[in-house]
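Descriptive analysis of the structure
Spelled out, the chains give:
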Amino acid sequence: MTISLLRRRAARVSRGLSAALCAALALLPIPAANAQQREGAIEVRVREFLQREVAGLPGEVSIELSPLDPNSQLPACAALEPFLPAGTRAWGRFSVGVRCDSPVTWTAYLQARVAVVADYLVAARPLRAGQVLGPADLGQRRGDLTALSDNLLTDPTQATGHHTRIAVAAGSPLRGDMLRVPHAVRQGQTVRVLGVGAGFRVASEGRAMNNAAPGERVRVRLADGQVVTGTAQAGGAVELAF
């Protein structure tokens with residue numbers, strides 16, 4: 001066989017392999033980095049996250065989500081991870097984030113609203129400062145707790161037998177700071193500190209830096225000297241929200 005004939009056969013084989021390779025590449029899927037995030041998947045994932053966050057709240061809880069801009073064109077994500085920004089809780093109107101680490105890193109935010117419709121306590125008649133509250137002094141009203149003041153009282157046992165700090169007009173919602181409620185935490189007391197976040201719960205100990213009734217803010221110095229601020233719980237624990 002002549003050298004020229006061998007060269008022609010080699011060229012034909014090369015062309016055949018090139019055509020086969022191109023056909024195979026055409027059948028491969030488009031890389032994930034170039035694909036777009038499936039419409040609605042982010043909202044579904046964030047709603048599931050918020051439903052876990054609000055589990056255990058009293059009354060009727062509803063969640064509203066504003067969808068992402070359909071023109072956002074976010075790359076497809078292998079695992080969406082919703083989160084609440086630091087200092088944010090799933091209560092009232094707030095922003096909730098969702099991040100992606102693979103195959104492309106990005107972070108987006110949605111606007112959300114959580115409403116909690118439940119019964120809360122009101123003054124059934126005018127109350128004077130220093131008055132000891134009994135069942136006849138208390139009434140109930142139903143409404144969205146997220147649209148009202150913080151630290152509202154929702155159970156008659158939270159108010160019955162306690163003294164009022166100030167005069168309260170009839171029909172006014174009753175808050176914990178209106179009453180002289182026994183301290184749950186006292187200054188200098190060693191307290192259990194609970195850190196609560198999305199999918200985790202950690203515990204440590206520290207020393208309270210001020211007195212606080214249940215539901216009030218308390219500063220705690222941890223063993224390493226760090227000072228944190230949390231909410232006093234009945235029984236003497238302090239809860240930090242992340």
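Details of the structure are given in the entry above.
Bear in mind that the values here come from a model prediction, so they are computed numbers and not experimental data.

By the bridge criterion, six bridges tie strand β1 (residues 60–65) to strand β4 (residues 106–123) in an arrangement that is antiparallel. Residue E60 lies in a different strand from β4, and its bridge partner there is V117. Hairpin connection of strand β3 (residues 92–100) to β4: five residues between the antiparallel strands. Bridge count for β4 against strand β5 (residues 138–144) is seven bridges, and the pairing is antiparallel. Within β5, the residue paired with A118 across the bridge is G143.

Mapping T164 onto the fold places it in strand β6 (residues 163–164). By relative accessible area, T164 is classed as buried at 0%. Each C-alpha atom of the pair T164 and G130 lies 4.9 Å from the other, and the pair is 34 residues apart in sequence. Dropping the residues within four chain positions of it, T164 is found in contact with L127, R128, A129, G130, Q131, L133, M178, L179 and R180. Separated by 2.6 Å, the side chain of T164 and the backbone oxygen of R128 make a polar contact.

About the criteria used
- Residues numbered from 1 in each chain as written.
- Predicted model: local features only at pLDDT ≥ 70, side-chain atom pairs only at ≥ 80, totals over all residues.
- Heavy atoms only, no water.
- Pairing = 2+ DSSP bridges.
- Helix = DSSP H or I, 4+ residues; strand = E, 2+ residues; numbered from the N terminus.
- Buried < 20%, exposed > 50% of the residue type's maximum accessible area, 1.4 Å probe, protein only.
- Contact = heavy atoms within 4.5 Å.
- Polar contact = N/O pair within 3.5 Å; in protein donor to acceptor, adjacent residues only side chain to side chain.

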